[in-house]
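Observations on the three-dimensional arrangement
Residues per chain are reported as follows:
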Amino acid sequence: MEKTTMNQLAVIGNIETARMLSADLQNLFLYGVIPLMCLIFVVVVGFKTRAAGPTILSVILAAMVWWGAANMDLLSDKTGEDVTQYDNGVKPAGTGQAP
């Protein structure tokens, strides 16, 4: 009986370790990898085009990607609201379906 309790504690500990590792990886990507990729994108566009217009546009696009990654919860909540609204019988205009 004590062996079962020890196994359960070991499994709970492994689950907690995996959860913490997942949170650390998420933070690494959000605050490390994504900004680095955005910076590389801007630098590559700047060196390839040697023009201000495309470089400024690449900065704006990189900022949009970074913002979208940082606000994934907000975006998923909005998407869920849209799907729920559509499921309740509200059809978007131009779908060709009568109300």
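The structure displayed is predicted, hence computed values, not measured ones.

What the protein chain contains, in helices and strands, is three helices and zero strands. Counting from the amino terminus, helix and strand elements in the protein chain follow one another as α-α-α. Here the protein chain, with 99 residues, has 9% of them falling under the buried criterion. For the protein chain, the computed accessible surface area is about 8,300 Å², with 69% contributed by carbon and sulfur atoms.

Excluding glycine, a negative phi dihedral is what most residues carry, and trans is how most peptide bonds are arranged. The phi dihedral of Arg50 falls on the positive side, at around 55 degrees, and the residue is not glycine. Position of Arg50 relative to the elements: it lies in the loop between α1 (2-49) and α2 (52-70).

Relative to the helices and strands, Ser58 resides in helix α2. Residue contacts for Ser58: discarding those within four places in its chain leaves Phe41, Val42 and Val45.

A separate point is the pattern of salt bridges. Counted under the stated rule, the structure contains one salt bridge. Of the charged contacts, one joins Glu16 and Arg19 as a salt bridge, the two residues approaching to 2.5 Å between their closest N and O atoms. Here Glu16 pairs with Arg19, and both are found in helix α1, just three residues apart, close to one helical turn. What makes Arg19 partly exposed here is its relative accessible area of 48%.

Every α-helix carries 3.6 residues per turn, so stepping three or four residues along brings you back to the same face. The terminal C-alpha atoms of α2, which comprises 19 residues, lie 27 Å apart, in line with the 27 Å expected from a rise of 1.5 Å per residue. Those residues of α2 lying buried are Ser58, Ala62 and Gly68. All buried residues of α2 fall inside an arc of 125 degrees around its axis, so they share one side. Those residues of α2 that are exposed and angled more than 90 degrees off the buried face are Ala52, Ile56 and Met64.

Analysis parameters
- Residues numbered from 1 in each chain as written.
- Predicted model: local features only at pLDDT ≥ 70, side-chain atom pairs only at ≥ 80, totals over all residues.
- Heavy atoms only, no water.
- Helix = DSSP H or I, 4+ residues; strand = E, 2+ residues; numbered from the N terminus.
- Buried < 20%, exposed > 50% of the residue type's maximum accessible area, 1.4 Å probe, protein only.
- Areas by Shrake-Rupley, 256 points an atom, 1.4 Å probe, with all protein chains shown as cover.
- Contact = heavy atoms within 4.5 Å.
- Salt bridge = Lys/Arg side-chain N within 4 Å of Asp/Glu carboxyl O.
- Expected span 1.5 Å × (residues − 1).
- Arc of directions from axis to C-beta.

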